[in-house]
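Listed here are the chains, written in short residue letters.
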There are 4 protein chains.
Amino acid sequence: MTEEKKIKVTVWNEFVHEQQNEAVKKLYPDGMHKVIADALNLQDDINASTATLEEPEHGLTEEVLAETDVLTWWGHMAHDKVNDEIVDRVQKRVLEGMGLICLHSAHFSKIFRRILGTNCSLKWREVAEKERLWNLEPGHPITQGIGEYIELPNTEMYGERFDIPTPDKLIFVSWFEGGEVFRSGCCWERGHGRIFYFRPGHETYPIFYNDEIIKVITNAVRWAKPRVQITDVCPNTEPLETLSEKNVDFGSAGIVQTAEDIS
Amino acid sequence: MTEEKKIKVTVWNEFVHEQQNEAVKKLYPDGMHKVIADALNLQDDINASTATLEEPEHGLTEEVLAETDVLTWWGHMAHDKVNDEIVDRVQKRVLEGMGLICLHSAHFSKIFRRILGTNCSLKWREVAEKERLWNLEPGHPITQGIGEYIELPNTEMYGERFDIPTPDKLIFVSWFEGGEVFRSGCCWERGHGRIFYFRPGHETYPIFYNDEIIKVITNAVRWAKPRVQITDVCPNTEPLETLSEKNVDFGSAGIVQTAEDIS
Amino acid sequence: MTEEKKIKVTVWNEFVHEQQNEAVKKLYPDGMHKVIADALNLQDDINASTATLEEPEHGLTEEVLAETDVLTWWGHMAHDKVNDEIVDRVQKRVLEGMGLICLHSAHFSKIFRRILGTNCSLKWREVAEKERLWNLEPGHPITQGIGEYIELPNTEMYGERFDIPTPDKLIFVSWFEGGEVFRSGCCWERGHGRIFYFRPGHETYPIFYNDEIIKVITNAVRWAKPRVQITDVCPNTEPLETLSEKNVDFGSAGIVQTAEDIS
Amino acid sequence: MTEEKKIKVTVWNEFVHEQQNEAVKKLYPDGMHKVIADALNLQDDINASTATLEEPEHGLTEEVLAETDVLTWWGHMAHDKVNDEIVDRVQKRVLEGMGLICLHSAHFSKIFRRILGTNCSLKWREVAEKERLWNLEPGHPITQGIGEYIELPNTEMYGERFDIPTPDKLIFVSWFEGGEVFRSGCCWERGHGRIFYFRPGHETYPIFYNDEIIKVITNAVRWAKPRVQITDVCPNTEPLETLSEKNVDFGSAGIVQTAEDIS
């Protein structure tokens, strides 16, 4: 495949745990983003780069985002360190058509909460328990190559109620050894972009070395790639039909009404 | 009905057009909010108050919102004058269970765009053309007492594409004389709250004096009233089942993970 | 409450297990329908009757259905003994506005599969394991009075993939001791009627004596009661607007086009 | 593209109007199915065949359906002549993963009503008025290459309320000269199959010679092609986890529980 036809993925990571916590550093010495991007780059049709919190503009300049087809996001400790202006920029690009894949603790990222409008809160517990992700949609592009379920021997638990808008499509539901369930794979469309939330990915377990997890993320990249890129407008338009005589044109009150005025 | 059992509605209006534009002032000398609240107060089960932009905290103090069951919102020229802190506060209350009804040009209000996460842009035209709102859900609480359609002889036109998340339920679709269509009545649930968008309500036409329009808003108030009030939490919880011996408690990395940390 | 204002519920049961299996007979000597109807009749606003397979027209005559606001359905061994004509009749009434609550093994009933259009198949196992139904929508009318979850010490297991259309609202998700999950409380609207599927209710366990289960069914009855009763039509209608001269009326080809012609 | 990789489409038509009505015969001398199939066969990746009512088994034998990726359906006068057994067969294949595209008056076909479970009724009028189909989802695969709207100078009118389950995605909404609106392009998923309803296609107008209409149908074929083929099962499964001692196996009551038993 020619380079220009490949899906351009930007793998974003706050990259903090890996530098502050020895156990995590041992697991992901170059950061989780490196492991995810390397795995994606094994695919002929994907060209993955990385970006992290400490880079200028968090590595998400206008130029980078303009070139990004799908953005994956991992964050946890440093959600509040992400600049609101960058969040605006990412949201704008998703609504224009860019794909967004939010991983694990990104449920609480500014961008995920912004684009969904809800708290995105949940129950949680970190005791290395077993998780089994049941595949509810074997016909969906995101589950191709995945069997009836994915088993993870040790994970952090996330439990319902997950405060999200009803997903357009619910792909995975997790069973946890400790007794909870969770909507672990969820699809939404917002504007012209597609969004996928995928629960696994805790930093203290080798989740991103798991082939099935990488398979799901790879499938999700293909599913979320843009079909269009459309810039938002709110146009004043002429009638397409001849209006009846009785119409009186009060005229516009000269009010500028665009999204930019209020953003 | 005892006063305490009534549905407490706060009718919010930016109240700018009515003070700056003679034609609008003539139509709504005390503001659109007064006309809407008066109409709602004719109902035995509703107790409506008003709030406007120029009041302290836009009239939406913590106390007022804590007492509000359903908030209706009209804004247009002054969307950008609404304080972000108040928008946060309203969003929090909707997610806790308060109802929100956004009218007409409130499609571009900060609160509507915040809670939905999309641009909420559309086509528009102001030539006093005819609109016919078709009732797609005659069985829905919001359309009780409404026939097959509502006709408005003169309205501003709003046309598709309306950039919103797919509504949970699409109640009205408008036909416009000039050739467009629009999803004019849309329901969503976010958090524990219900949201209704209703298209009619342009300030230069006597829309809020129309009995059918008031009927829809009244029905929507009853539909949107809270079923619960639940404060958001993201709790660390104990397992409900005995975990197997093989589990290793890596322990929490001591990370505080609440919505407040990142808001 | 006056008798005529009460919600009229018909509790339908195939009533076969209770007559053929000693263990079930011991648990439900007069049938599960009797236990459910008695529980519903403790409510001031509900008037519940019963109907069973062996009655003429399965107890679901035109008259009975015309008077029924909400129909609950339990079937298992004898799904295929339900007459197709009665299934047509029930479907017609649901589309007109009657509520339908399908319990447990009614997932495979003719009426449930008819109204949803899918196979409604699932995984199952009968080893008396523990089930925990997680409440995903604490703000929904169906979960009022229910806490974070309902626990059943012994149940038959139903596991995903449950072959249903994506529910309009997913209310409960079950966790099973044996490792599966299931969408155990699901809401849909079809025509003008509301449908609720509720998983618990296996005949060999005392599920319908459980207060929380009865609470959910009672709530569901109130949620599913008709808002309207509208007979289906497919009318040939006159234009509401003056058509342009260029229009040529080819005239109807004299084709009768109603639902009845093809049913 | 190799023949075996092409999308295999079966274009089904009742083919009655074209043989009984002179005006229709003149427009579609070999039937609408021929025009649609010819247009689809201009695409490199599509291999379209036809089938009609009067062929044995309506041309939809087990063999034909097993080889069909996407079935398009046009019917009107003769809905009731379609054998129920064939309807069962088509429904089974859609639930297994086959795509289904229902055109115009197929809203009242047995297969469409079967798979959706509702009446699928609507308003209608045949006065050759203008229709404008607004494109609500410019990012959707089905609208690629289509602009803001499609205009048809002369069509039969279909008006709301269209008695369908809320579409998973609403693609087109029509404006009619006579004053009505209609949900003209609707997507659903049922089982593992995708379903698209597309309103245009009245037999007395040259709709299927319109390039944009053909473009939509072609796009819909690509969107609806199977991702999987999965035969329905309802298996009795072993637990994946060790169950606690307290469990008592009441044992299965020896009840065979499969979809076939009740179909």
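Preceding this paragraph is the structure being described.
Bear in mind the structure is a predicted one, so any value in this text is a computation, not a measurement.

Cut-offs and rules
- Residues numbered from 1 in each chain as written.
- Chains lettered and ligands numbered in written order.
- Predicted model: local features only at pLDDT ≥ 70, side-chain atom pairs only at ≥ 80, totals over all residues.
- Heavy atoms only, no water.
- Helix = DSSP H or I, 4+ residues; strand = E, 2+ residues; numbered from the N terminus.
- Buried < 20%, exposed > 50% of the residue type's maximum accessible area, 1.4 Å probe, protein only.
- Contact = heavy atoms within 4.5 Å.
- Areas by Shrake-Rupley, 256 points an atom, 1.4 Å probe, with all protein chains shown as cover.
- Lys, Arg positive; Asp, Glu negative; His and termini not counted.
- Charge placed at Lys NZ, Arg CZ, Asp CG, Glu CD.
- Phe/Tyr/Trp six-rings, centres within 6.5 Å; stacked < 30°, edge-to-face > 60°.
- Lys NZ or Arg CZ within 6 Å of the ring centre and 35° of its normal.
- Salt bridge = Lys/Arg side-chain N within 4 Å of Asp/Glu carboxyl O.
- Pairing = 2+ DSSP bridges.
- Axes fitted to C-alpha atoms, helices over the stretch in contact; angles between N-to-C directions.
- Expected span 1.5 Å × (residues − 1).
- Polar contact = N/O pair within 3.5 Å; in protein donor to acceptor, adjacent residues only side chain to side chain.

## Brief notes about the overall build of chain A
Piece 1. In terms of regular secondary structure, chain A is built from eight helices and nine strands.
Piece 2. In terms of overall dimensions, chain A has C-alpha extents of about 75 × 40 × 40 Å along its principal axes.
Piece 3. Here chain A holds 263 residues, and the buried ones make up 65% of them.
Piece 4. Of all intrachain contacts in chain A linking residues separated by at least 6 positions in sequence, the fraction that spans at least 24 positions is 71%.
Piece 5. When the accessible area of chain A is evaluated, it comes to approximately 9300 Å², of which 49% is carbon and sulfur surface.
Piece 6. Side chains of chain A carry 28 positive and 44 negative charges; the gap between the two charge centres is 4 Å.

## A look at the side chain of Thr52 of chain C
Residues and elements named next belong to chain C.
Piece 1. By the secondary structure assignment, Thr52 is in strand S2 (residues 46-52).
Piece 2. Given a relative accessible area of 9%, Thr52 falls into the buried group.
Piece 3. The residues contacting Thr52, other than those within four sequence positions of it, are Trp12, Asn13, Phe15, His33, His58 and Gly59.

## Quick word on the packing of aromatic side chains
Between two aromatic rings, the relevant description is the distance of the centres plus the angle of the planes.
Piece 1. In the structure shown here, the tally under the stated rule is 48 aromatic pairs over all chains.
Piece 2. On the numbers, 5.8 Å between centres and 70 degrees between planes, the contact of Phe112 of chain B with Trp188 of chain B is edge-to-face. With Phe112 of chain B in helix H6 (residues 110-116) and Trp188 of chain B in strand S8 (residues 181-190), this residue pair connects regions lying 76 residues apart in the sequence.
Piece 3. Accessibility expressed as a relative area gives 0% for Trp188 of chain B, which makes it buried.
Piece 4. Every member of this aromatic cluster is reached through a ring pair, and the members are Phe112, Tyr158, Phe162, Phe182, Trp188 and Tyr197 of chain A.
Piece 5. When the ring centre of Trp175 of chain A is taken as reference, the NZ or CZ atom of Arg132 of chain A above it lies at 5.0 Å.
Piece 6. The ring of Tyr158 of chain D has Arg199 of chain D lying over it, and the distance from NZ or CZ to the ring centre is 4.9 Å.

## Comments concerning the pattern of salt bridges
Piece 1. In the structure shown here, the tally under the stated rule is 94 salt bridges over all chains.
Piece 2. Here Glu96 of chain B ties to Lys92 of chain B by a salt bridge, and the two come within 3.0 Å at their closest N and O atoms. Of this pair, Glu96 of chain B and Lys92 of chain B both sit in helix H5 (residues 84-96), separated by four residues, roughly a single helical turn.
Piece 3. Residues participating in the shared-partner salt-bridge network are Lys130, Arg132 and Glu151 of chain A together with Glu241 of chain D.

## A word on the sheet that holds strand S9 (residues 193-198) of chain D
Residue and element names in this part refer to chain D.
Piece 1. With respect to topology, nine strands assemble into an open sheet ordered S2-S1-S3-S4-S9-S8-S7-S5-S6, the strand pairing being mixed. In this open sheet, the two strands that pair with only one neighbour each are strand S2 (46-52) and strand S6 (149-159). Adjacent strand axes in the sheet meet at a mean angle of 25 degrees when their direction is disregarded.
Piece 2. One ladder, built from six bridges, connects strand S7 (residues 169-176) with strand S8 (residues 181-190); its direction is antiparallel.

## Comments concerning the side chain of Ser184 of chain C
Piece 1. Here Ser184 of chain C lies in strand S8 (residues 181-190).
Piece 2. Once you skip the residues sitting within four places of it in the chain, Ser184 of chain C turns out to touch Glu131, Leu133, Phe172, Val173, Ser174, Tyr197, Phe198 and Arg199 of chain C.

## Digging into unusual backbone geometry
Residue and element names in this part refer to chain A.
Piece 1. Omega for the bond connecting Glu160 with Arg161 falls within 30 degrees of zero, at 10 degrees, which places this linkage in the cis form.
Piece 2. Located in the positive-phi region is Phe15, a residue other than glycine, with phi close to 55 degrees.
Piece 3. Topologically, Phe15 is positioned in the loop between strand S1 (7-13) and helix H1 (17-20).

## Topic: helix H7 (residues 211-224) of chain B
Residues and elements named next belong to chain B.
Piece 1. Counted at 1.5 Å a residue, the expected span for H7 with its 14 residues is 20 Å, and the 20 Å between its end C-alpha atoms agrees.
Piece 2. Most of H7 is tucked away, with 10 of its 14 residues classed as buried.
Piece 3. All buried positions along H7 are accounted for by Ile213, Ile214, Val216, Ile217, Thr218, Asn219, Ala220, Val221, Trp223 and Ala224.
Piece 4. A distance of 2.7 Å separates the backbone nitrogen of Glu212 from a side-chain oxygen at the start of H7, and that oxygen is part of Asn210.

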